[in-house]
Amino acid sequence: MSILKIENLTFGYKEGALLYKDFSLSLEKGEVVSIVGASGSGKSTLFDLITGVLNPHFGSIEKSKIAQIYQDPYSSFHPSYALISQIQEVASLEGIEGYLKKLNLESALLEKKPHQLSGGQLQRCSILRALLMKADLILADEPTSALDNVVQLDVMKLLMQFLDRVGIVLITHDDDLATWASDRIVRL
């Protein structure tokens, strides 16, 4: 069963300058599809189309429950509230201790506000939130860009441990990461 099905998607910001024309893509649970391309090629636009922030001019997008991991973790959390409160708004805390251990995060960090964490810690909190949401589809926009190389690999291995219950759309500039992690690569 497809957890993401895009058919004949057509979209552009300006008339006569389409980013997508008759674009189709499907994703099953257990698959990783990487979207790779230069800046301005439409990678983040595709993310916004899938989430419904933008609407296609033509075509259709069918999707299961989505969890999102954004490139900039500071923009994905409200600055004034403790992380644990923000996670609880969208997810159950069931299994949180195991995830914290796998992500190398101390539970005390969740009582802090986003600006009190490093970029790497906050990105791992973003990944924690996505995993706790128990979605069928994870949309990950440069999910490891704020992490050092060793932690990047550990985090991607962790995400891939859940492929028995999710599919992942990975937006990345990193060809090596896309080649290593993906079942398919879509180049824009």
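Coordinates for the structure precede this section.
This is a predicted model, so every value here is computed, not measured.

1. Description of the side chain of Glu 31
Take Glu 31: it is sitting in the loop between strand S2 (20–28) and strand S3 (32–36). In terms of polar contacts, Glu 31 uses its side chain to reach the backbone amide nitrogen of Glu 28, at 2.7 Å.

2. Looking at the sheet that holds S2
Note on sheets: strands pair through backbone hydrogen bonds, and any given pair is parallel or antiparallel. Pairing in this open sheet of 3 strands is antiparallel, and the strands run S2-S1-S4 from one edge to the other. Bordering the open sheet on either side are S2 and strand S4 (58–63), each of which pairs with just one other strand. The mean inter-strand angle of the sheet, taken between neighbouring strand axes irrespective of direction, is 10 degrees. Relative to S2, strand S1 (residues 2–11) runs antiparallel, the two sharing 6 bridges. Within the sheet, the bridge partner assigned to Lys 5 lies in S2 and is Ser 26.

3. Brief notes about the packing of helix H2 (residues 83–90) against helix H4 (residues 119–132)
Packing of H2 against H4 brings their axes to within 9 Å, and their N-to-C directions diverge by 25 degrees. Comparing the axis directions of H2 and H4 gives the class roughly parallel. Between H2 and H4 lies a crossing of right-handed hand. Note on element contacts: H4 touches H2 through Leu 122, Cys 125, Leu 128, Arg 129 and Leu 132, opposite Leu 83, Ile 87 and Val 90.

4. Let's talk about the environment of Val 169
Mapping Val 169 onto the fold places it in strand S7 (residues 167–172). Accessibility expressed as a relative area gives 3% for Val 169, which makes it buried. When the C-alpha positions of Val 169 and Ser 34 are compared, they lie 5.8 Å apart, and in sequence the two are 135 residues distant. Setting aside residues up to four positions removed in sequence, Val 169 forms contacts with Leu 4, Leu 27, Val 33, Ile 35, Leu 137, Ile 138, Leu 139 and Ala 140.

Definitions and cut-offs
- Residues numbered from 1 in each chain as written.
- Predicted model: local features only at pLDDT ≥ 70, side-chain atom pairs only at ≥ 80, totals over all residues.
- Heavy atoms only, no water.
- Helix = DSSP H or I, 4+ residues; strand = E, 2+ residues; numbered from the N terminus.
- Polar contact = N/O pair within 3.5 Å; in protein donor to acceptor, adjacent residues only side chain to side chain.
- Pairing = 2+ DSSP bridges.
- Axes fitted to C-alpha atoms, helices over the stretch in contact; angles between N-to-C directions.
- Parallel < 35°, antiparallel > 145°, perpendicular 65-115°, else oblique.
- Left-handed = near helix turned anticlockwise from the far one by under 90°.
- Contact = heavy atoms within 4.5 Å.
- Buried < 20%, exposed > 50% of the residue type's maximum accessible area, 1.4 Å probe, protein only.

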